[in-house]
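# Examining the three-dimensional arrangement
One-letter residues, chain by chain:
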Amino acid sequence: MVKEGHGVNSAVIHIRSEASVADHVVWSLFNTIFVNSCCLGFIAYAYSMKSRDRKMVGDLTGAQAYASTAKCLNIWALIVGILVPLHPWTCYQ
């Protein structure tokens, strides 16, 4: 037990933790192979790879920006890939 007033020095060490940035490569690859509506899956895959590259060189801000774009493109690719085949005018062709 350390009592106050006895000249005890303390030091605070800040350890930089590696922030995990999800690059969405697997999701983008799935959308590229199976959905790929309007090439959104392929574009999302390209952004995912850019995010992974940025993460490898240590640019976490750039990696997060590319990953966010890839996520948005993946969401849109999935929505378009599900809704377009369900649209009524596609059934009458």
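Above this text sits the structure in question.
This report concerns the structure included in the present document. (Residues numbered from 1 in each chain as written. Predicted model: local features only at pLDDT ≥ 70, side-chain atom pairs only at ≥ 80, totals over all residues. Heavy atoms only, no water.)

## Focus on the overall build of the protein
Check the secondary structure of the protein and you find three helices and zero strands. For the protein, with 93 residues in total, the buried portion stands at 20%. Put simply, of all contacts in the protein between residues at least 6 apart along the chain, 63% involve residues at least 24 apart. Summing over all exposed atoms, the protein offers an accessible surface of approximately 7300 Å²; the carbon and sulfur share of this is 64%. (Helix = DSSP H or I, 4+ residues; strand = E, 2+ residues; numbered from the N terminus. Buried < 20%, exposed > 50% of the residue type's maximum accessible area, 1.4 Å probe, protein only. Contact = heavy atoms within 4.5 Å. Areas by Shrake-Rupley, 256 points an atom, 1.4 Å probe, with all protein chains shown as cover.)

## Side note on the side chain of Ser48
Along the chain, the position of Ser48 falls in helix α2 (residues 40-57). Judged by relative accessible area, Ser48 falls into the buried class, the value being 0%. A polar atom in the side chain of Ser48 sits 3.3 Å from the backbone oxygen of His24. Excluding anything up to four places from it in sequence, Ser48 contacts Asp23, His24, Val25, Ser28 and Ala70. (Polar contact = N/O pair within 3.5 Å; in protein donor to acceptor, adjacent residues only side chain to side chain.)

## With respect to unusual backbone geometry
The phi angle at His24 is positive, at roughly 60 degrees, despite the residue not being glycine. What makes His24 partly exposed here is its relative accessible area of 21%. Even without being glycine, Cys39 reaches a positive phi, approximately 60 degrees. In this fold, Cys39 is placed in the loop between α1 (25-35) and α2. The class for Cys39 is partly exposed, based on a relative accessible area of 43%.

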